[in-house]
Amino acid sequence: MRILRYWHAIIKEHRLFLLVASVLFFGSLVAGVLVGLLIPETAAALLEKLIQPLGEMAESLRNKPLYIRAAYIFFNNARVMIMMLVGAYLGGLIPPLVLLANGFLIGLFGSSPVMTEGIGLAGFLAALAPHGVFEIPAILLSGMFGLRIAKELWSGILGRPTETLGRVSRQILGFSPLMILLLLAAAILEIYVSARLI
């Protein structure tokens, strides 16, 4: 299909930025795991601050229909994606920070006995996998575009303007249906599959 070839060509063009986004995300994920394993007290303190608002959010959604919960997760993830892309135009620091934070938190949660109690790390990963195979690529693709925009933005600021910024902005619009589909699939699977595995 033409659209698939178009998306493939865009990824190929920006593959270096996709690689950088992947290194930031998975590198911070490993760092989160190491903090959880090597400094459990620090990890527990961080998680205590994070779990409370997450617990309140989960409680507010507990009696809602499954499709409402899926919609909430979709819009929350879409907000992060939009923040990463818009933030790229505002100085370029937000995309790498979002990639680092998301990777670190996943690693921290995965290595925490509090989160894996009763299911173990293997169970946590099994629960993460169904929606993670869609959500993580969406994060990485958003990061890819965010890093590319930031690079072109700073090239212009430093006196090396290019025509790439406008073209990349148009590519984001052309690529957005794929990222929306990935986030939709992730939200549906997180509620209807992953939640039943924990």
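Analysis parameters
Residues numbered from 1 in each chain as written. Predicted model: local features only at pLDDT ≥ 70, side-chain atom pairs only at ≥ 80, totals over all residues. Heavy atoms only, no water. Helix = DSSP H or I, 4+ residues; strand = E, 2+ residues; numbered from the N terminus. Buried < 20%, exposed > 50% of the residue type's maximum accessible area, 1.4 Å probe, protein only. Contact = heavy atoms within 4.5 Å. Areas by Shrake-Rupley, 256 points an atom, 1.4 Å probe, with all protein chains shown as cover. Axes fitted to C-alpha atoms, helices over the stretch in contact; angles between N-to-C directions. Left-handed = near helix turned anticlockwise from the far one by under 90°. Salt bridge = Lys/Arg side-chain N within 4 Å of Asp/Glu carboxyl O. Polar contact = N/O pair within 3.5 Å; in protein donor to acceptor, adjacent residues only side chain to side chain. Phe/Tyr/Trp six-rings, centres within 6.5 Å; stacked < 30°, edge-to-face > 60°. Patch = residues over 30% accessible without salt bridge, like charges linked within 9 Å, V, L, I, M, F, W, Y side chains within 5 Å.

1. Focus on the overall build of the protein chain
Next up, step 1: Scanning the protein chain from terminus to terminus reveals 8 helices and 0 strands.
Next up, step 2: Seen in sequence order, the protein chain has helices and strands lined up from the N terminus as α-α-α-α-α-α-α-α.
Next up, step 3: Residues classed as buried in the protein chain amount to 38% of the 198 residues present.
Next up, step 4: The contacts of the protein chain with a sequence gap of at least 6 include a subset with a gap of at least 24, amounting to 82%.
Next up, step 5: As presented, the protein chain carries roughly 11,300 Å² of accessible surface, and 72% of it is formed by carbon and sulfur atoms.

2. Here's the deal with the packing of helix H2 (residues 15-38) against helix H5 (residues 94-111)
Next up, step 1: In the contact formed by H2 and H5, the axes pass within 6 Å of each other and the chain directions differ by 35°. For the element pair H2 and H5, the recorded crossing hand is right-handed. The residues of H5 that touch H2, namely those facing Ala21, Leu24, Phe25, Ser28, Leu29, Ala31, Gly32, Val33, Val35, Gly36 and Leu37, are Pro96, Leu99, Leu100, Asn102, Gly103, Phe104, Ile106, Gly107, Leu108 and Ser111.

3. Details of the pattern of salt bridges
Next up, step 1: This model, assessed by the stated rule, comprises 3 salt bridges.
Next up, step 2: With a closest N to O distance of 2.5 Å, Glu13 and Arg167 form a salt bridge. Of this pair, Glu13 sits in helix H1 (residues 2-13) while Arg167 is found in helix H8 (residues 164-197), placing the two residues 154 residues apart along the sequence.
Next up, step 3: For Glu13, a relative accessible area of 32% translates into the label partly exposed.

4. Digging into the side chain of Ser22
Next up, step 1: For Ser22, the position within the fold is in helix H2.
Next up, step 2: In this structure the side chain of Ser22 is engaged in a polar contact, spanning 2.8 Å, whose partner is the backbone oxygen of Leu18.
Next up, step 3: Leave out the neighbours within four places in its chain, and Ser22 touches Gly27 and Leu140.

5. Observations regarding the packing of aromatic side chains
Next up, step 1: Following the criterion strictly, the structure yields 4 aromatic pairs and no others.
Next up, step 2: Geometrically, the ring pair formed by Phe25 and Phe26 is edge-to-face, given 5.1 Å between the ring centres and 90° between the ring planes.
Next up, step 3: Given a relative accessible area of 0%, Phe25 falls into the buried group.
Next up, step 4: Taking the relative accessible area as the measure of exposure, Phe26 reaches 38% and is therefore partly exposed.
Next up, step 5: Consider the rings of Phe74 and Phe75, whose centres lie 5.2 Å apart with planes at 70°: the pair is edge-to-face.

6. Observations regarding a nonpolar patch on the surface
Next up, step 1: On the surface, Tyr67, Ile68, Ile180, Leu181, Leu184, Ile188 and Tyr192 cluster together into a nonpolar patch covering about 640 Å² of accessible area.
Next up, step 2: Of all the elements in the fold, those that place two or more residues in the nonpolar patch are helix H4 (66-88) and H8.
Next up, step 3: The element contributing the most residues to the nonpolar patch is H8, with 5 residues.
Next up, step 4: Residue position: Ile188 is located in helix H8.
Next up, step 5: The class of Ile188 is partly exposed, set by a relative accessible area of 44%.

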